[in-house]
Amino acid sequence: MGTKQNSSLFNKKILLQASKDSLIKLNPALLIKNPVIFIVAIGSILTTIILFAGIFQGHFSPFNLQIAIWLWVTVLFANFSEAIAEGRGKAQADSLRKNRTQAKARKLDGKQEISVFATELNKGDIVICEAGDAIPSDGEVIEGVASVDESAITGESAPVIRESGGDRSAVTGGTKVISDRILVRITTEPGSTFLDRMITLVEGAKRQKTPNEIALSILLSGLSIIFLLAVATLPAFFGYSLSASGLPMSQNLSIPVLIALLVCLIPTTIGGLLSAIGISGMDRLIQHNVIATSGRAIEAAGDVDVLLLDKTGTITLGNRMATNFIPADGVTIEELADAAQLSSLSDETPEGRSIVVLAKEQFNIRGRDVHQLNASFIPFTAQSRMSGVDLKTDVSVVKIRKGASDVIRTFVQNNNGFYPQKIQDTVSELARQGATPLVVAKDNRILGVVHLKDIVKGGIRQRFAELRKMGIKTVMITGDNPLTAAAIAAEAGVDDFMAEATPEDKLRRIREEQANGHLVGMIGDGTNDAPALAQADIGIAMNTGTQAAREAGNMVDLDSNPTKLIEVVEVGKQLLMTRGSLTTFSIANDVAKYFAIIPAIAIGLYAGTTEVGPLSVLNIMNLGSPQSAILSAVIFNAIIIILLVPLALKGVRYRPVSANAALTRNLLIFGLGGIIAPFIGIKLIDIIINLKI
Amino acid sequence: MTVQDVIQVILFFALLIGLTPILGNYMYKVFTGNKHIMLPLFGWLEKITYKLTGVNSDEETNWKSYTFGLLMFNLVGLVFVFLIQVIQVYLPLNPAHLPNVSWHSAFNTSVSFMTNTNWQGYAGETTLSYFVQMVGLTVQNFVSAATGIAVLIALIKGISRKTTDKLGNFWVDLTRSTLYVLLPLSILFAIVLVGQGVIQNFKTYETVQTLQGTQQVIPMGPAASQIAIKQLGTNGGGFFNANSSHPLENPTPFSNFLEMLAILLIPAALTYTYGKMVGSIRQGWTIFTAMLILLVIGLSISLYAEYSSNPIFGHLPLMEGKETRFGITNSVLWSTSTSAASNGSVNAMHDSLSPIAGMVAMVNIMLGEIIFGGVGAGLYGMLIFIILTVFIAGLMVGRTPEYLGKKIEAFEVQMALVAILAPNIIILLFSAWASVCTSGLSSLNNSGSHGLSEILYAYASAAGNNGSAFAGLNANTVFYNLTIGFGMLIGRFGVIIPVMAIAGSMAKKKITPPSSGTFHTDNWLFIGLLIAIILIVGGLTHFPALSLGPIAEHLLLNLKI
């Protein structure tokens with residue numbers, strides 16, 4: 001995914017649009033939203049005015065011209081970084097929107113069907129969708145079953161089943177019905193469908209600053225005020241020093257020089273890149289096919305330290321699989337396998353199918369003709385809690401049953417059979433291991449046990465270990481009994497588990513964790529998950545889930561992949577890291593800029609008869625001339641913004657390591673690097689400038 | 001440096017480190033209401049105080065009431081000290097018949113003692129009566145220090161409590177820090193000082209015949225009691241104008257050693273109290289270590305500068321402005337400690353320090369008086385920088401910033417910036433003003449870069465509530481009395497109010513339990529980060545002015561100009 005996106009990072013079209021947008025963003029009403037860059041813009045205007053005033057008075061200053069140009073470039077570069085992030089978001093939004101333009105809907109008006117534009121549908125309208133129709137807006141299936149192609153929003157080509165009632169009733173506007181016919185009740189007002197909201201968010205037009213972004217903006221403004229004071233008071237100290245060195249006041253610092261110093265000191269780098277970082281965080285989430293309903297949610301994702309994960313689908317493959325047959329005494333394994341396979345032949349549950357597959361794999365027992373066997377199947381019901389087959393022979397009826405140990409025990413005992421202790425032991429042992437034992441009986445005889453096992457997903461254990469390293473606690477939630485749950489929890493390596501969990505239990509657990517100061521993330525799909533999703537700090541609803549669940553969560557996973565929670569947390573962390581790293585870099589940069597500018601402006605002070613004053617020793621970079629030193633610092637300050645745009649968009653490299661390891665690494669690169677880089681950069685620019693001159 | 005010098009410096013720090021947990025643990029008991037050794041002695045006094053003032057010691061208040069009480073208390077103190085100065089002629093204990101103090105000087109002095117600054121625009125023995133010194137200044141010496149501790153205690157409660165708006169009771173914290181911390185320590189210390197020869201009497205000034213045959217007036221007075229609290233409470237206002245270089249204030253090498261130690265004692269010990277109160281002694285030691293490192297860096301630079309030869313005079317130690325009794329090491333150790341700790345007492349003239357050692361003292365103040373700093377004030381100032389550091393660097397671990405489980409959000413950042421900005425605004429704006437206007441420049445005794453240093457030092461000292469001076473500046477003028485007076489007010493309450501607001505906001509938050517994903521604030525990495533943020537933020541603000549002041553002066557000195 002990463003590489004695909006990177007290649008489009010500097011897509012020509014986006015670049016062109018972004019360049020145009022950076023000019024539009026010069027509008028003061030837009031600029032003022034970014035106080036740091038706003039200060040630079042005011043500086044640019046002042047410098048430009050002074051430049052032209054000079055020209056009209058007949059003395060053109062090439063130095064002022066260059067300063068003015070580079071100050072404007074600084075503003076434009078900052079605008080450009082935001083524009084390009086928005087452009088990339090827009091590109092994604094456009095491709096989403098293509099599916100929706102001019103779509104027609106078949107609205108059901110009483111008994112009549114009328115054709116209206118999809119955009120005219122109101123909440124509560126009922127529409128008909130048949131094979132080939134696009135679903136016009138978000139809604140809920142109220143009648144029928146259909147397979148729906150949701151690739152337009154999920155990118156997943158396999159169609160999904162949508163049916164009325166239950167947890168799979170929600171449909172999304174823009175998706176396509178492939179087979180059958182459904183009636184859909186529209187659940188959103190025009191313009192606020194899921195897709196609409198999603199597109200708005202991606203475009204970033206209505207983007208609101210997130211809490212941490214606001215706090216950071218305050219910090220940057222505060223630092224700017226400090227530096228503004230330091231620079232504004234400098235002419236007074238300078239004037240004092242001039243008179244002390246017997247120099248005329250006319251040599252006091254010029255406004256362009258002061259502005260250059262100010263712009264170099266205020267945190268323009270992070271100020272210019274801050275919103276690009278925020279927008280691209282949202283973008284990266286969408287690359288993972290997750291949509292957040294607010295930027296705040298992404299930030300919270302970085303803070304999550306407890307994850308509630310459903311066992312089924314997240315930790316285990318979802319279905320229990322038969323892994324081996326354990327025959328009772330006096331029964332051959334083949335006989336057990338044969339009976340088990342027979343009883344499962346028309347059992348369409350995944351468990352049943354896995355028994356057929358296992359019998360075929362181990363003993364090459366093939367499917368048989370059901371009619372020839374004269375068999376009638378007994379399906380699983382909630383009352384009997386077992387399934388099986390009745391084989392009619394001329395003499396009698398052979399009954400084969402499979403089910404949980406207690407029901408089969410009753411079954412054989414009712415047939416005057418005997419339930420061996422050894423089978424009971426086997427059943428207990430398997431349950432202790434976290435497996436599901438399925439006992440098979442033929443009339444009054446126990447044949448043995450089928451070992452059904454929850455298969456833990458490959459690599460999930462390592463994933464949890466990584467999360468632990470990052471300080472995130474994982475809690476497995478399951479309806480299984482505590483024994484089974486403990487065994488799977490141990491195998492998967494989660495930190496804690498909740499067995500026999502009801503939705504109320506989940507909600508209570510989330511509240512408890514939050515009361516202890518934890519931030520909780522969870523993923524869910526059913527309507528009964530909705531309260532917990534709403535309560536969690538990060539609630540990710542699966543797109544296949546009910547409308548209630550989707551409304552309750554603050555993120556929606558279009559892929560409906562329960563492990564996605566982990567990626568979401570990573571995106572959140574990466575966003576915060578990028579912000580912190582670039583802030584550190586920006587502040588660390590100031591050291592070098594001081595050593596470029598202060599000696600340059602103070603070179604003449606206390607010089608006496610010599611040309612160069614004592615403060616020239618501070619020129620440790622040995623820059624060519626005072627003017628080239630100031631110019632180099634300003635140029636470096638502008639260029640560094642554009643150089644860091646790719647990093648702001650991609651985010652700093654993220655690895656699942658402990659806080660200390662991450663901090664050490666980022667500090668080394670962005671803290672120490674931030675101090676050293678400008679020394680090298682400014683020196684290089686100075687050499688180049690002096691070559692030209 | 002001689003071997004004795006080295007041993008003495010080592011002994012100084014060893015004692016400081018050794019006494020920190022002892023006094024820190026004691027103060028922990030005092031402020032958490034536990035049993036401690038002073039209860040049997042002074043417990044009754046605490047109860048009587050509450051009874052007389054009608055304070056309900058069990059009642060806890062939110063940050064606004066706490067702050068309101070604090071401000072009112074300080075305002076009353078300010079007005080009282082002002083009034084007794086302008087009418088001291090009519091008051092008792094004025095054997096030298098000193099006249100009433102001018103309104104601007106009285107304003108400056110009352111602000112100065114109320115804000116724990118103890119900037120002295122006047123000369124103690126020739127301006128103020130014994131009555132004013134004792135009833136006005138010495139009382140403020142106690143309560144201004146106690147106010148600083150109270151603010152700190154409220155902030156610690158804000159950090160360590162969760163989901164509450166109660167920060168304790170200002171009157172209780174004020175009474176306890178005065179009765180159980182400042183008073184017993186001062187009594188003990190005053191007795192030791194009297195033993196060393198510091199005077200404590202109400203005699204009229206004595207006239208003596210000197211060896212040269214001339215007559216000299218020797219001022220008398222209750223010096224020991226004021227000196228004890230001036231050192232312990234990071235006040236710094238001397239009984240005599242010459243402060244601790246005066247033989248009657250600081251007679252022996254031993255008194256000198258103890259007076260230096262007293263400067264840092266309580267601020268250092270409060271870091272331990274902090275650690276205990278937030279439930280992690282390690283957190284306290286981390287802050288202590290960061291402070292100690294900054295102090296040692298400053299001391300080393302100063303010692304190096306002072307022991308280097310003066311290029312103009314050749315290979316002589318720089319003894320101008322120093323007491324030969326104390327020598328260079330003791331003078332520099334004092335100048336570094338007093339500027340770091342917002343004390344402001346001196347045993348040598350900072351004006352005569354080498355430019356670099358003078359700059360170190362100035363930088364110590366400009367960084368915000370957080371290297372141990374004033375009692376209470378130093379640690380709450382440091383906690384502001386910690387909040388800033390946590391906010392900037394905390395993001396780099398991939399979580400929104402938190403300190404000891406408390407989220408640092410927009411409000412805390414905003415208040416922290418106000419607290420950092422307030423003193424810096426004073427230093428920059430007032431110094432700039434003074435360096436261009438005639439009323440500012442006419443007070444200068446020195447021209448050139450050194451004159452600029454004198455101005456910068458004066459306002460830094462005011463804004464940092466330090467109180468020491470580059471004595472070359474005649475500050476007893478309307479201009480300086482007023483600007484410095486306002487500078488001290490803003491430097492004090494421009495920090496206290498946002499700190500209290502942070503305390504209130506932090507108390508309401510939940511505490512996130514630490515995990516391996518938490519940004520750790522108790523290790524060497526954090527110490528390094530904190531120091532870097534302090535130096536970069538503080539340094540970048542003042543580097544331009546410093547380069548035109550002391551740095552230029554140092555360079556000029558080396559060029560023999």
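Residues numbered from 1 in each chain as written. Chains lettered and ligands numbered in written order. Predicted model: local features only at pLDDT ≥ 70, side-chain atom pairs only at ≥ 80, totals over all residues. Heavy atoms only, no water.

Participant: What is the right way to read the overall build of chain A from this model?
Facilitator: A tally of helices and strands in chain A yields 26 helices and 22 strands. Radius of gyration (C-alpha) of chain A: 35 Å, far over the 26 Å computed for a compact globule of 693 residues. Counting only C-alpha atoms, chain A reaches 130 × 60 × 45 Å along its principal axes. Burial status across chain A gives 54% buried among its 693 residues. Taking contacts inside chain A between residues at least 6 apart in sequence as the whole, the part at least 24 apart equals 69%. Carbon together with sulfur atoms contributes 58% to the accessible area of chain A, which is approximately 28600 Å² in total. Computed over 65 positive and 65 negative side-chain charges, the inter-centroid distance for chain A is 5 Å. (Helix = DSSP H or I, 4+ residues; strand = E, 2+ residues; numbered from the N terminus. Rg over C-alpha atoms; globule rule 2.2 N^0.38 Å. Buried < 20%, exposed > 50% of the residue type's maximum accessible area, 1.4 Å probe, protein only. Contact = heavy atoms within 4.5 Å. Areas by Shrake-Rupley, 256 points an atom, 1.4 Å probe, with all protein chains shown as cover. Lys, Arg positive; Asp, Glu negative; His and termini not counted. Charge placed at Lys NZ, Arg CZ, Asp CG, Glu CD.)

Participant: Is there a simple way to explain helix α24 (residues 564-602) of chain A in this structure?
Facilitator: An α-helix turns once every 3.6 residues. As a result, residues three or four positions apart point the same way. The first and last C-alpha atoms of α24 of chain A sit 58 Å apart over 39 residues, in line with the 57 Å expected at 1.5 Å per residue. With 37 of 39 residues buried, α24 of chain A lies mostly within the body of the structure. (Expected span 1.5 Å × (residues − 1).)

Participant: Got a minute to help me understand the environment of L649 of chain A in this structure?
Facilitator: Within the secondary structure, L649 of chain A sits in helix α25 (residues 626-650). Between the C-alpha atoms of L649 of chain A and I277 of chain A, which are 372 residues apart in sequence, the distance is 6.0 Å.

Participant: Looking at this structure, I do not really get the packing of aromatic side chains. What am I missing?
Facilitator: Between two aromatic rings, the relevant description is the distance of the centres plus the angle of the planes. Residue and element names in this part refer to chain B. The final tally for this structure, using the stated rule, is 24 aromatic pairs over all chains. Seen from their ring centres, Y66 and F170 are 5.6 Å apart, and the 75° between their planes marks the pair as edge-to-face. With Y66 in helix α3 (residues 63-86) and F170 in helix α7 (residues 170-196), this residue pair connects regions lying 104 residues apart in the sequence. Each member of the pair Y66 and F170 is classed as buried. Between F239 and F240, the ring centres sit 5.2 Å apart and the planes meet at 85°, which makes this aromatic pair edge-to-face. According to the relative accessible area criterion, F240 is buried, its value standing at 0%. (Phe/Tyr/Trp six-rings, centres within 6.5 Å; stacked < 30°, edge-to-face > 60°.)

Participant: Looking at this structure, I do not really get helix α14 (residues 333-344) of chain A. What am I missing?
Facilitator: In this model α14 of chain A runs 16 Å from its N-terminal to its C-terminal C-alpha over twelve residues, within 8% of the 16 Å that 1.5 Å per residue would give. Taken together, the buried positions of α14 of chain A are occupied by L336, A337, A339, A340, Q341, L342, S343 and S344 of chain A.

Participant: So what exactly am I meant to see when it comes to the packing of helix α1 (residues 3-31) of chain B against helix α10 (residues 281-307) of chain B here?
Facilitator: All names here are of chain B. For the pair α1 and α10, the least separation of the axes is 13 Å and the interaxial angle reads 165°. Considered as vectors, α1 and α10 are oriented roughly antiparallel to each other. In the packing of α1 onto α10, the handedness of the crossing is right-handed. For the pair α1 and α10, the contacting residues are D5, V9, F13, I17, T20 and P21 in the first and W285, F288, L292, L295, V296, L299 and Y307 in the second. Looking at the contact of α1 with α10 residue by residue, the classes come out as eleven nonpolar, one polar and one charged. (Axes fitted to C-alpha atoms, helices over the stretch in contact; angles between N-to-C directions. Parallel < 35°, antiparallel > 145°, perpendicular 65-115°, else oblique. Left-handed = near helix turned anticlockwise from the far one by under 90°. Nonpolar A, V, L, I, M, F, W, Y, C, P; charged D, E, K, R; others polar.)

Participant: What is the right way to read the pattern of salt bridges from this model?
Facilitator: Side-chain pairs of opposite charge can arise whenever the charged atoms involved come near each other. Residue and element names in this part refer to chain A. Throughout the structure, instances matching the rule amount to 35 salt bridges over all chains. The partner of D133 in a salt bridge is R106, with the nearest N and O atoms 2.8 Å apart. One end of the pair, D133, is in the loop between β3 (126-130) and β4 (139-143); the other, R106, is in strand β1 (residues 104-109), and 27 residues separate them in sequence. Judged by its relative accessible area of 24%, R106 is partly exposed. Residues R468 and D495 are paired through a salt bridge, measuring 2.6 Å at the closest nitrogen-oxygen approach. With R468 in helix α19 (residues 460-469) and D495 in the loop between α20 (482-492) and β19 (496-498), this residue pair connects regions lying 27 residues apart in the sequence. Its relative accessible area of 37% is what places R468 among the partly exposed residues. What makes D495 partly exposed here is its relative accessible area of 34%. The network of salt bridges with shared partners includes R106, E113, E130, D133 and R181. (Salt bridge = Lys/Arg side-chain N within 4 Å of Asp/Glu carboxyl O.)

Participant: Looking at this model, I keep getting lost on the interface of chain B and chain A. Mind explaining?
Facilitator: Reports of interface size often rely on the accessible area that becomes lost once the parts have come together. On the chain A side, the residues contacting the 62 residues of chain B number 62 residues. Taken over both partners, the interface formed by chain B and chain A buries close to 5200 Å², and the fraction arising from carbon and sulfur atoms is 77%. Among the residues of chain B in contact with chain A, M396, L540 and L548 of chain B are the three that bury the most area, contributing 14% of the side total. Counting across the chain B and chain A interface gives one salt bridge. Measuring nitrogen to oxygen at the nearest pair gives 3.4 Å for the salt bridge that ties D303 of chain A to K407 of chain B. Along the contact surface separating chain B from chain A lie 17 residue pairs in polar contact (both at pLDDT 80 or more). Split by residue class, the side of chain B that touches chain A holds 39 nonpolar, 19 polar and four charged. (Buried area = accessible area lost by both parts, 1.4 Å probe. Polar contact = N/O pair within 3.5 Å; in protein donor to acceptor, adjacent residues only side chain to side chain.)

Participant: Got a minute to help me understand the side chain of T578 of chain A in this structure?
Facilitator: All names here are of chain A. You can see T578 is positioned in helix α24. Classification of T578 as buried rests on a relative accessible area of 0%. Sequence-distant contacts of T578, that is, excluding residues within four places in its chain, are made with I277, L647, A648, G651 and V652.

Participant: Whenever I open this one, the nonpolar core confuses me. Can you help?
Facilitator: Soluble globular proteins: nonpolar side chains tend toward being buried together. Counting residues in each nonpolar core, the largest one holds 301 residues, and the members touching the most others are M555 of chain A together with I266, F372 and L383 of chain B. Not counting the four nearest positions on each side in its chain, F372 of chain B is found in contact with L16, L264, P267, A268, F288, M291, L292, L295, A340, G378 and L379 of chain B. Counting residues in each nonpolar core, the second largest holds 37 residues, with A328, V389, F411 and V439 of chain A among its members. (Core = buried A, V, L, I, M, F, W, Y, C linked by side-chain atoms within 4.5 Å.)

Participant: What am I meant to see in the confidence of the model for chain A here?
Facilitator: Predicted coordinates in regions of low pLDDT should not be interpreted in detail. Residue and element names in this part refer to chain A. The predicted model of chain A has a mean per-residue pLDDT of 84, with 91% of residues at 70 or higher. Considering each helix and strand of chain A separately, the mean pLDDT is smallest for helix α1 (residues 2-7), with a value of 40, and largest for helix α4 (residues 35-56), with 95. Every residue in residues 1-7 is under pLDDT 50, and counting partners more than four places away or in other chains gives six contacts. (pLDDT = per-residue confidence, 0-100.)

Participant: Is there a simple way to think about the side chain of T400 of chain B in this case?
Facilitator: Turning to its location among the elements, T400 of chain B is positioned in the loop between α13 (377-394) and β3 (402-403). Reaching out from T400 of chain B, the side chain makes a polar contact with the side chain of K407 of chain B at a distance of 3.2 Å. Dropping the residues within four chain positions of it, T400 of chain B is found in contact with N212, E299, D303 and L576 of chain A together with L395 and K407 of chain B.

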